[in-house]
Amino acid sequence: YTGSPFILNRGTVRKSAGSGTFTLGTVPFTNNGSVDVRTGIVAFDNSYTLSGGVLNVSFSSQTNFGRFNFPGSATLTGGLAAAFLNGYVPGNLETFQVMTFGSRTGTFTNSTVPAASGWYFEPIYTATTLMLRAHSFDATNPPVLAAISNKTVNEGTLLTFVNTATDVDNDQ
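Rules and cut-offs
Within each chain, residues carry numbers counting from 1 in the order of the written sequence. Thresholds applied to this predicted model are a pLDDT of at least 70 for local features of residues and 80 or more for the giving and counting of side-chain atom pairs; totals over whole chains, interfaces and linings are not thresholded and use all residues. The side-chain numbers reported here are obtained from all heavy atoms of the structure, hydrogens and water having been left aside. In short, DSSP must find at least two bridges between two strands for them to pair. Comment: elements are numbered from the N terminus, with helices defined as DSSP H or I runs of at least four residues and strands as E runs of at least two. Every angle, taken between N-to-C directions, lies between 0 and 180 degrees, and every axis is a line fitted to C-alpha atoms, over only the stretch in contact when it is a helix. Note on contacts: a residue pair is in contact if any heavy atoms of the two residues lie within 4.5 Å. As used in this structure description, the phrase polar contact means that two N or O atoms lie within 3.5 Å; if the pair is within protein, one of them must be able to donate a hydrogen and the other to accept it, and residues adjacent in sequence are counted only when both atoms belong to side chains. Two rings from Phe, Tyr or Trp (for Trp, the six-membered ring) form a pair when their centres sit within 6.5 Å of each other. Planes less than 30 degrees apart are called stacked, planes more than 60 degrees apart edge-to-face, and all others tilted. Residue exposure (1.4 Å probe, protein chains only): buried if accessible area is under 20% of the type maximum, exposed if over 50%, otherwise partly exposed. Charge over a ring is defined by NZ of Lys or CZ of Arg lying within 6 Å of the ring centre and within 35 degrees of the ring normal. Among buried residues, those of type Ala, Val, Leu, Ile, Met, Phe, Trp, Tyr and Cys that are joined through side-chain atoms within 4.5 Å constitute a nonpolar core.

> Would you mind going over the sheet that holds strand S13 (residues 119-125) with me for this structure?
Remark on secondary structure: sheet strands pair via backbone hydrogen bonds, oriented parallel or antiparallel. Spatially, the 7 strands line up as an open sheet ordered S3-S6-S9-S11-S14-S13-S12, and their pairing is mixed. The open sheet has two edge strands, strand S3 (21-24) and strand S12 (113-114), and neither has a second partner. The pairing of strand S11 (residues 95-105) with strand S14 (residues 129-136) spans 5 bridges and is antiparallel. Across the sheet, Phe96 pairs through a bridge with Leu132, a residue of S14.

This is how it looks when you write it as structure tokens:
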């Protein structure tokens, strides 16, 4: 081979130890497989192409989860996946910043990211970040109405009042 060096991933590239940053640096990286970050950060310092591949982030706690960093422009295509590790389950509507980039074009093909049974993540795109917001399929607690004070009304007249409800587990 006499051309320029590059990495063509058709399997799985996984970062599973250490909270620091692992940089896939000086050569272009094409992902037709899976890049899995279980802890810390995987950074791409050169061109990155996601052509039918998947980026996967895993969550062990609210502060210990995988992240991606694209210092330049990121072209977001293909799939995004998520997994819970070590029995961790997030709170409903918890949000995790899983990706940073200088700029981006596109979005991942999946509009929700399946996680564990009963959970999915909603992708939230900004100009320079991708966040995932956890959602539970299980509505565990109904909204709680505020106490209603005693009211006096004459027979045959309409009683109108305003009340509020609190969603204690934020599952709307």
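> What is the right way to look at the pairing of strand S6 (residues 41-44) in this model?
Put simply, side chains in a regular strand alternate between the two faces of the sheet. As judged from the 4 bridges shared by S3 and S6, these two strands associate in the parallel manner. Among the inter-strand pairings, Phe22 is bridged to a residue of S6, identified as Val42. In terms of strand pairing, S6 meets strand S9 (residues 67-75) through 3 bridges, oriented parallel. Looking at S9, one finds that Ile41 is bridged to Arg67.

> Explain the sheet that holds strand S1 (residues 7-9) here, please?
Taken in spatial order, the 3 strands line up as S1-S4-S7 in an open sheet, and their pairing is parallel. Because the sheet does not close on itself, it has two edges, and the strands there are S1 and strand S7 (48-50). Ignoring which end each strand starts from, the neighbouring axes of this sheet average 10° apart. Sheet topology places S1 next to strand S4 (residues 29-31); 3 bridges connect them, and they run parallel. Residue pairing for S4: Ile7 is matched across the bridge by Phe29.

> Can you help me understand the environment of Ser34 in this one?
Considering the arrangement of structural elements, one finds Ser34 in strand S5 (residues 34-37). In sequence terms Ser34 and Asn56 are 22 residues apart; their C-alpha atoms lie 7.0 Å from each other. Excluding residues that lie within four positions of it along the chain, Ser34 makes contacts with Asn9, Gly11, Thr12, Val13 and Val54.

> In this structure, what is going on with the side chain of Asn9? I would like to understand it.
Examined against the element boundaries, Asn9 turns out to sit in strand S1. At a separation of 3.0 Å, a polar atom in the side chain of Asn9 contacts the main-chain amide nitrogen of Gly11. In this structure the side chain of Asn9 is engaged in a polar contact, spanning 2.7 Å, whose partner is the side chain of Asn31. Excluding residues within four positions of it along the chain, Asn9 makes contact with Phe29, Thr30, Asn31, Asn32, Gly33, Ser34 and Val35.

> So what exactly am I meant to see when it comes to the packing of aromatic side chains here?
Pairs of aromatic rings are described using the distance from one ring centre to the other and the angle between the two planes. In this structure the tally under the stated criterion is 12 aromatic pairs. With 4.9 Å between their ring centres and 25° between their planes, Phe59 and Phe121 make a pair best called stacked. Here Phe121 lies in strand S13 and Phe59 lies in strand S8 (residues 54-59), a separation of 62 residues in the sequence. Judged by relative accessible area, which is 1%, Phe121 ranks as buried. Taken together, the aromatic side chains of Phe59, Phe65, Phe84, Tyr88, Phe96, Trp119 and Phe121 make up a single cluster linked through ring pairs. The ring of Phe65 carries the charged tip of Arg67 above its face, separated from the ring centre by 3.9 Å.

> Can you walk me through the nonpolar core in this structure?
It is characteristic of soluble globular proteins that their nonpolar side chains tend to be buried jointly. By size, the foremost hydrophobic cluster in this structure holds 31 residues, and its most contacted members are Leu55, Phe59, Phe68 and Met99. Looking at this core element by element, the count peaks at 4 residues for S11. Look past the residues within four positions of Phe68 in its chain and what remains in contact with it is Val35, Val37, Ile41, Val42, Phe44, Leu55, Asn56, Val57, Val98, Met99 and Thr100.

> Please explain the side chain of Ser58 as it appears in this structure.
Within the secondary structure layout, Ser58 lies in strand S8. Beyond its immediate chain neighbours, meaning those up to four positions away, Ser58 contacts Asp36, Val37, Arg38, Asn64, Phe65, Gly66, Ala83 and Leu85.

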